[in-house]
Amino acid sequence: MPETLTGRDDEARAEQVYQLVLEGIVAGEFAQGTRLRERELSELYNVSRIPVREAIQRLEQDGFVETFPRRGAVVRQLTLTDVNELFDVRLCLETFAARAAAMRVAAGGSDGRLRDLVEEARQAIDDDRTDDVVRLSAAFHAEIVRVSGNRLLIESVKPLFGRMRWIFGLAHNRSNELQRDEHMELCNAIVSGKAELAYSLAYSHIELGREPVLAGLAETLEP
């Protein structure tokens, strides 16, 4: 990979490195507290340090990485407060998105891939593919936001869903079958254009997930 790149190349490679490191964090390949060295990542992904540096800066902005004097960038140590705050923000944004998505469908808009994702998750549960269940759950929630059609919201929640996958990969103490049923009910409300029902189902689904996740992480995360 040449060291001298155009600005466009740097931007594209920074996005690729961002996604690769993010996936490594979510999958646990880069554990909490792991130091992210520019040179090592540069060699790992066969790019110059410029896109690596930009990717790390973005990961820090999105809350996945922290930078310390003399240590450099490290994967952030999550806390129970972080988890609680995630659920608080989800209650604000995702319930709004569910209502907006149902209203848009009722007005003739597309319901996107919601039904497909519910079916894919059902198959993943039947096949006991836990990693895919977590991924598809986050994809379902992200699709609701996309169906809402609110472009600012769509861009704003991208780091949120990365954080969701990260946390749910660490603790996911609710029945997959129960969550599948809740997703199906929420999906049906949206595709039927029932905005207030979609809002209520989204709220209860998110809130019911809070305590099991907190309980599952209580022994491993600081307050």
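Residues numbered from 1 in each chain as written. Predicted model: local features only at pLDDT ≥ 70, side-chain atom pairs only at ≥ 80, totals over all residues. Heavy atoms only, no water.

Engineer: Sorry if this is basic, but what is going on with the overall build of the chain here?
Structural biologist: Helix and strand content of the chain: ten helices and three strands. Counting from the amino terminus, helix and strand elements in the chain follow one another as α-β-α-α-β-β-α-α-α-α-α-α-α. The C-alpha atoms of the chain give 19 Å as radius of gyration, which agrees with the globular expectation for 223 residues (17 Å, within 12%). Seen along its three principal axes, the alpha-carbon backbone of the chain occupies a region of about 55 × 45 × 35 Å. By the burial criterion, 44% of the 223 residues in the chain qualify as buried. (Helix = DSSP H or I, 4+ residues; strand = E, 2+ residues; numbered from the N terminus. Rg over C-alpha atoms; globule rule 2.2 N^0.38 Å. Buried < 20%, exposed > 50% of the residue type's maximum accessible area, 1.4 Å probe, protein only.)

Engineer: Is there a simple way to think about the pattern of salt bridges in this case?
Structural biologist: Where charged atoms of side chains with opposite charge meet at close range, the side chains can pair. Counted by the stated rule, this structure contains 19 salt bridges. For Arg 58, the salt bridge is made with Asp 62, and the minimal N-O distance between the two is 4.0 Å. Here Asp 62 falls in the buried class, since its relative accessible area comes to 18%. Between Arg 99 and Glu 196 there is a salt bridge; the shortest N-O distance is 3.1 Å. (Salt bridge = Lys/Arg side-chain N within 4 Å of Asp/Glu carboxyl O.)

Engineer: Quick question: what am I supposed to make of the packing of aromatic side chains here?
Structural biologist: Two aromatic rings are characterised by how far apart their centres lie and by the angle between their planes. All told, the structure shown has two aromatic pairs when counted by the stated rule. Ring centres 5.7 Å apart and planes at 35° place the aromatic pair Phe 64 and Trp 166 in the tilted group. You can see Phe 64 sitting in the loop between helix 3 (49-61) and strand 2 (65-68) and its partner Trp 166 sitting in helix 8 (residues 158-170), a full 102 residues away along the chain. Note on Phe 64: relative accessible area 0%, which makes it buried. Relative to Phe 168, the ring of Phe 87 lies with its centre 6.2 Å away and its plane at 50°, an arrangement referred to as tilted. (Phe/Tyr/Trp six-rings, centres within 6.5 Å; stacked < 30°, edge-to-face > 60°.)

Engineer: Quick question: what am I supposed to make of a positive patch on the surface here?
Structural biologist: On the surface, Arg 35, Arg 37, Arg 39, Arg 49 and Arg 71 cluster together to form a positively charged patch. With respect to the element layout, Arg 71 can be found in the loop between strand 2 and strand 3 (72-75). On the accessibility criterion, Arg 71 (42% relative accessible area) is partly exposed. (Patch = residues over 30% accessible without salt bridge, like charges linked within 9 Å, V, L, I, M, F, W, Y side chains within 5 Å. Areas by Shrake-Rupley, 256 points an atom, 1.4 Å probe, with all protein chains shown as cover. Lys, Arg positive; Asp, Glu negative; His and termini not counted. Charge placed at Lys NZ, Arg CZ, Asp CG, Glu CD.)

Engineer: Would you take a moment to explain the confidence of the model for the chain for this structure?
Structural biologist: Fine structural detail should not be taken from predicted coordinates in areas where pLDDT scores are low. On average, residues of the chain score 91 in pLDDT, and 96% of them are at 70 or above. Per-residue pLDDT, averaged within each element of the chain, yields its smallest value for helix 1 (residues 7-26) (85) and its largest for helix 4 (residues 80-106) (96). (pLDDT = per-residue confidence, 0-100.)

Engineer: Would you explain unusual backbone geometry in this entry?
Structural biologist: In this structure, Arg 70 takes a positive phi of about 70° despite not being glycine. Since its relative accessible area comes to 81%, Arg 70 is described here as exposed. The phi torsion at Asp 128 lies on the positive side, around 60°, for a residue other than glycine. For Asp 128, the location among the structural elements is in the loop between helix 5 (114-126) and helix 6 (130-148).

Engineer: Looking at this model, I keep getting lost on the packing of helix 6 against helix 8. Mind explaining?
Structural biologist: Packed helices, taken two at a time, are described by the angle their axes make and the gap between the axes. The contact between helix 6 and helix 8 brings their axes to 10 Å, and the two run at 155°. As judged from the angle between their axes, helix 6 and helix 8 are roughly antiparallel. Helix 6 and helix 8 meet at a crossing whose hand is right-handed. Here helix 6 contributes Val 134, Ala 138, His 141, Ala 142 and Val 145 to the contact with helix 8, which in turn contributes Phe 161, Met 164, Arg 165, Phe 168 and Gly 169. In terms of residue class, the contact of helix 6 with helix 8 is built from seven nonpolar, two polar and one charged. (Axes fitted to C-alpha atoms, helices over the stretch in contact; angles between N-to-C directions. Parallel < 35°, antiparallel > 145°, perpendicular 65-115°, else oblique. Left-handed = near helix turned anticlockwise from the far one by under 90°. Contact = heavy atoms within 4.5 Å. Nonpolar A, V, L, I, M, F, W, Y, C, P; charged D, E, K, R; others polar.)

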